[in-house]
Each structure stands twice: as C-alpha cells, then as structure tokens.
Amino acid sequence: MNHSYEQLSRRYTELGHFQHVISMMQWDESVNMPAGGAASRAAALSTLSGCRHEIKTQAQIADEIKACKELSLTQWQRRNLELIEKEYIKSTILPVSLVQRMTAAALACKQQWRVSRAQNDWASLKPILEESFNLIKEAAERQSDHFQCSSYDVLLDEYMPGVNQAIIDPLFAELESQLPERVSAIMAHQNGGSVQPLKGTFEVDRQKKLSEEVMSSLGFDFNHGRLDETLHPFCGGVPEDVRVTTRYNDQDVFFSLMAVCHETGHALYEQGLPESWRFQPVGQALGMAVHESQSLFVEMQLCRSLPFYQWCCPIIEKHIGAQPGLTAENIFKLNTLVKPSLIRITADEVTYPLHVILRYQIEKKLFSGEMTVHDLPAYWNEMMHAYLGLKTEGNDADGVMQDVHWPSGAFGYFPAYTLGRLIAAQLFEVMERVMPDALSRVAQGEFQPIMLWLRDQVHQYGSRLSMNELVMQATGSTLSTKPFLNHLQSRYLG
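Residues numbered from 1 in each chain as written. Predicted model: local features only at pLDDT ≥ 70, side-chain atom pairs only at ≥ 80, totals over all residues. Heavy atoms only, no water.

**Quick word on the sheet that holds strand β3 (residues 241-246)**
Within a sheet, each strand pairs with its neighbour through backbone hydrogen bonds, oriented either parallel or antiparallel. We count it as follows: At least two DSSP bridges between two strands are needed for those strands to be called paired. Counting from the N terminus, the helices are DSSP H or I runs at least four residues long and the strands are E runs at least two residues long. For every element, the axis is a line fit to its C-alpha atoms; helices are fit only across the contacting stretch, and the angle between N-to-C directions ranges from 0 to 180 degrees. Whether two residues are in contact is decided by their heavy atoms: any pair within 4.5 Å suffices.
Pairing in this open sheet of 3 strands is mixed, and the strands run β1-β3-β2 from one edge to the other. Every other strand in the sheet has two partners, leaving β1 (225-229) and β2 (235-238) as the edge strands with one partner each. The sheet shows a mean angle of 20° between the axes of neighbouring strands, direction not considered. Here β1 pairs with β3 via 5 bridges, running parallel. The residue of β3 that forms the bridge with Leu 227 is Val 244. The strands that helix α9 (residues 204-218) touches are β1 and β3; relative to β1, the one it contacts most, it runs at about 150°. Sheet strands in contact with helix α10 (residues 253-271) are β1, β2 and β3, and its direction is about 165° off that of β3.

Below you can see the structure in the form of structure tokens.
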C-alpha cells in the first residue's frame with residue numbers, strides 16, 4: 001500500500017484512540033461522576049477535543065489525500081478516502097478554539113440541564129443553552145459557506161451523512177398529513193378494551209437481571225459491553241466496549257425493559273461493525289438514522305410484538321414474580337396502547353413521529369432565524385397542542401427541557417429517530433419475505449437468524465455505502481413511509 005494511504009490510516013487510528021477515551025469519559029460523566037467533578041471534566045474533555053481537532057487538521061493531510069487520489073484503491077479504500085477528505089475539509093474550517101469552546105459549553109449545558117429539569121426551572125437553563133446554541137450555529141454557518149448549503153443542513157449531514165431538508169420534508173409531510181387520522185382511528189379501535197397493568201414495586205436489582213437476560217438472548221456480548229443506570233438511556237462507548245444505560249422505574253418494569261431493548265439494538269450494530277476497518281471512517285456506523293433503524297427494528301418490530309411477549313413473559317415472571325396480568329396478550333396490549341402524551345421517549349409508536357416532527361420544525365426555525373432560544377417554551381406549547389392536543393405551559397420539565405439532546409449540543413439529531421423508524425419498517429418488511437417464520441422464531445427466543453440477517457444487510461457495511469444506497473441494496477427501493485404506515489395498519493387495525 002502507498003505510504004500516503006498508510007500514513008492517513010495511522011492518523012485515523014490515532015484519532016480513534018482519542019475518541020475512545022473521550023467516549024469513556026462522556027459515559028462516566030453521565031453514569032458515575034460526582035457533581036463536584038463537572039468543571040474539571042469539562043476542561044479535560046475540551047482539551048482532548050482540541051488535541052483531536054489539531055490532529056485532524058494537520059496541513060500535510062491535504063497532500064496525503066491528493067497523493068492517494070492517484071492510487072488504484074479498493075472500493076473500501078476509495079470510500080474511506082472520500083470520508084477522510086470530507087471530514088478534513090469540515091474540520092479545517094473550524095478553529096481549534098471554537099471546537100474547545102463548543103465542547104465545554106455543551107458539557108456545562110448538559111450538567112445544568114440535569115438540575116434545571118429536576119426543578120422545572122427553564123430560566124436557569126436558558127442563558128447556558130443560548131451560549132451553546134450560538135457556538136454551534138457559528139460553526140455550522142462557517143461550514144455552510146463552504147458547502148453551499150444551509151447551516152441546518154450542515155448539522156443534519158453531521159448526524160445523517162447525505163441527508164438534508166429536501167429529503168426529510170416530503171417524508172415528514174406525508175406522516176404529518178396521515179398520522180393524526182391514524183391516531184384517532186386506532187384510539188377508537190382500542191376504546192373499551194381491557195388492559196391490566198402490572199402492580200407492585202419491582203426491585204431495581206431484579207429488573208437489571210431481567211434486562212441482562214433479555215440482552216444476552218438478543219445477542220449482546222457482555223464480554224465487550226455492560227449495562228448501567230443513568231438519567232436518560234443511551235448507548236455509548238466503542239465497539240469493543242459498548243456501554244448501554246437505562247433508567248429504572250420501580251413501579252413499571254417495562255419503562256426500563258423497552259429502553260434496554262432499544263439501546264441493545266444500537267449496541268448490536270456497534271458490535272457488528274467491520275473489525276478490519278476499526279477506527280477508519282469507513283468502518284464507523286452509517287450515521288444516526290441508520291443507527292436508530294437498528295435500535296427501532298429491535299425495540300418496535302421485535303420487542304413490542306406479541307410473539308416477543310409469548311417468549312418473554314415467563315422470563316419476566318422468573319425475575320419479578322407471578323402477576324394476573326402477566327400474559328402475552330395483556331402485555332402486548334399494554335405496550336401498544338395509543339394515546340397522545342407529553343414525553344417523547346415513552347410515546348407509543350403511532351404518535352412518536354409527531355414528537356420528532358415538532359422538534360424538527362423548531363430546529364429549522366432556530367437555524368433560519370425565525371425564532372430564538374428565548375421563544376422555545378411558548379412555541380413548544382403551541383406545537384404540542386397543534387400536533388397532540390396537549391399543553392406544556394408552566395411545565396417545561398415535560399416540555400422543552402425533557403430531552404438531553406439540545407443541552408448536550410445535538411441539534412440536527414432528532415429527525416434520525418423517524419427516518420430510522422421508516423428504515424426499520426422497510427427492512428422488516430423485506431426480512432419477513434425472505435424469512436417468513438421470523439416472528440415464530442421470536443416466540444421461541446430464536447433471535448440469532450434475525451440478527452445475522454441484520455449483520456449481513458446492514459452492520460457489516462459500516463459506512464461504505466450511503467444511506468440511500470444501503471436502503472436500496474437491502475430493500476430494493478428508496479426510503480418510503482409506506483412500509484411504516486402498512487405496519488401500523490397491520491398491528492393496530494388489521
């Protein structure tokens with residue numbers, strides 16, 4: 001292999017090591033770190049991010065990229081070079097001081113969010129969020145000038161490479177026009193049905209053992225990962241050491257279990273990425289829409305299905321004890337109830353896209369200048385009422401402050417949830433055609449054939465294909481709302 005390509009590969013291995021450390025420090029900050037360590041941790045992460053940025057923007061990288069373009073490269077190498085060049089260009093536009101300030105501001109904002117949300121105190125969060133948002137917007141505007149696109153499209157591309165508003169808008173418009181009617185029809189269909197909630201107090205230790213057993217059955221490798229508790233569930237770490245977190249509710253065993261199933265989908269994707277391209281851009285996950293497709297495939301298509309509960313109810317009983325309502329049919333009804341609610345992460349799968357569309361519309365207005373951070377609570381309340389018939393006035397903890405994404409600097413992420421949901425439904429529709437007995441296998445706890453299919457269709461490719469290419473290759477068609485809407489019809493009205 002040419003010296004220039006070898007040098008680039010070595011640089012990105014080094015960058016991967018930096019990111020490994022950063023990921024673990026971020027996980028620890030969310031899971032273990034005492035409040036008194038906040039300022040020091042923010043400073044350390046800021047320094048590490050600055051060092052990583054300096055490596056990514058070394059002047060000789062441009063010469064190495066140019067030299068590599070003259071080489072005869074494999075498809076993987078060529079795609080890796082394309083991704084390296086894109087990241088180099090985006091990084092060189094930003095001064096290291098701005099990167100460090102963004103890192104420190106986002107971490108300080110996330111730390112304040114934990115306090116402010118608990119106290120329903122928007123006023124204490126607003127100025128810190130404004131500072132972080134302004135830095136993110138400045139960085140996005142610097143990059144948008146070069147790439148000749150809007151600053152918001154820059155951020156969408158950051159989380160979902162190749163995705164922009166032109167792709168999202170028509171898909172979301174279809175959902176926005178059809179979902180309210182579906183919600184009404186499904187609620188009318190479910191009206192009068194008897195559902196029996198589980199009763200009692202469920203010890204956290206027992207819930208954790210239940211979660212770990214389900215994770216193992218789904219295929220999670222505990223030799224390369226672990227499960228912990230935090231305020232907001234997430235999946236972090238690195239493929240060799242995947243950190244899954246959840247939040248427990250001792251009155252509701254499914255509050256945590258469904259979150260664990262979701263995050264396990266993320267973790268299985270990470271554990272299935274191509275090992276031979278570790279640390280190289282082409283070996284990384286293909287953006288957050290595809291990442292969310294894997295978590296939502298596991299959570300929504302598999303783990304909220306009747307066959308899953310036929311397998312899982314005896315396991316739940318083993319860990320928490322017998323309950324009159326602990327039957328597959330009852331638990332399926334319990335976990336597929338459709339009702340508008342304030343909280344996105346516990347929303348049913350029918351109303352959930354409306355939560356995402358609300359946030360997408362807000363982000364578009366923030367970055368176009370149509371609204372400011374100051375306007376967020378009032379506009380949130382207005383849109384929540386328009387989409388779901390609910391109000392959050394005076395309840396910002398369950399309104400604009402409910403998610404960690406904006407406080408942690410993740411503007412442009414939210415659309416990934418619904419794009420991922422569409423991809424998941426489209427993948428599942430195809431998988432059922434090639435594996436007609438898939439759900440009967442789920443009822444027996446046989447998840448391996450399904451996970452191997454996902455690894456073959458999605459995980460093994462890393463970022464070698466674009467999102468559109470991956471969807472087309474795996475399903476034979478471009479991304480569409482139709483499989484998702486068909487799924488809703490079948491599960492809830494069929």
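Moving on from the coordinates now.
**So, the nonpolar core**
For soluble globular proteins, the rule of thumb is that nonpolar side chains tend to be buried together. Threshold: Remark: nonpolar core denotes a set of buried residues (Ala, Val, Leu, Ile, Met, Phe, Trp, Tyr, Cys) joined through side-chain atoms within 4.5 Å. The cut-offs for exposure are 20% and 50% of the maximum accessible area for each residue type, with area from a 1.4 Å probe on protein chains only; residues under the lower value are buried, those over the upper are exposed, and the others partly exposed.
With 117 residues, the main nonpolar core has Phe 308 and Leu 376 as its most contacted residues. The element contributing the most residues to this core is helix α16 (residues 415-434), with 11 residues.

**Describing empty space enclosed by the protein**
The test is simple: Any residue with an atom within 4 Å of a point lines the site, the site being either a cavity, points on a 1 Å grid over the protein atoms alone where a 1.4 Å probe fits but cannot get out, or a pocket, an open set with protein on both sides within 12 Å along at least 5 of 7 lines. Grid points are joined across faces, edges and corners, and a volume is the space filled by probe spheres set on the points.
One pass over the structure, following the stated rule, counts 2 cavities of 30 Å³ or more. Lining the largest cavity, in full, are Leu 296, Met 300, Glu 349, Tyr 352, Pro 353, Tyr 417, Thr 418 and Arg 421. Elements supplying a minimum of two residues to the lining of the largest cavity: α11 (287-302), α14 (352-368) and α16. Broken down by element, the residue count for the lining of the largest cavity peaks at 3 residues, all from α16. Volume-wise, the second largest cavity comes out at about 40 Å³.

**Some thoughts on the pairing of β3**
Across the 6 residues that make up β3, a large majority, 5, are buried. Here 4 bridges tie β2 to β3, and the two strands are oriented antiparallel to one another. Across the sheet, Val 238 pairs through a bridge with Asp 241, a residue of β3. Following β2, the chain reverses through 2 residues before pairing antiparallel with β3.

**What to know about the environment of Ile 136**
Summarising the element assignment, Ile 136 is placed in helix α6 (residues 122-147). Contact partners of Ile 136, with chain neighbours within four places excluded, come to Met 102, Leu 155, Phe 367, Gly 409 and Phe 411.

**So, the environment of Val 238**
In this fold, Val 238 is placed in strand β2. Considering only alpha carbons, one finds Val 238 and Gln 284, 46 residues apart in sequence, at a separation of 10 Å. Apart from residues no more than four positions distant in its own chain, Val 238 is found in contact with His 20 and Met 24.

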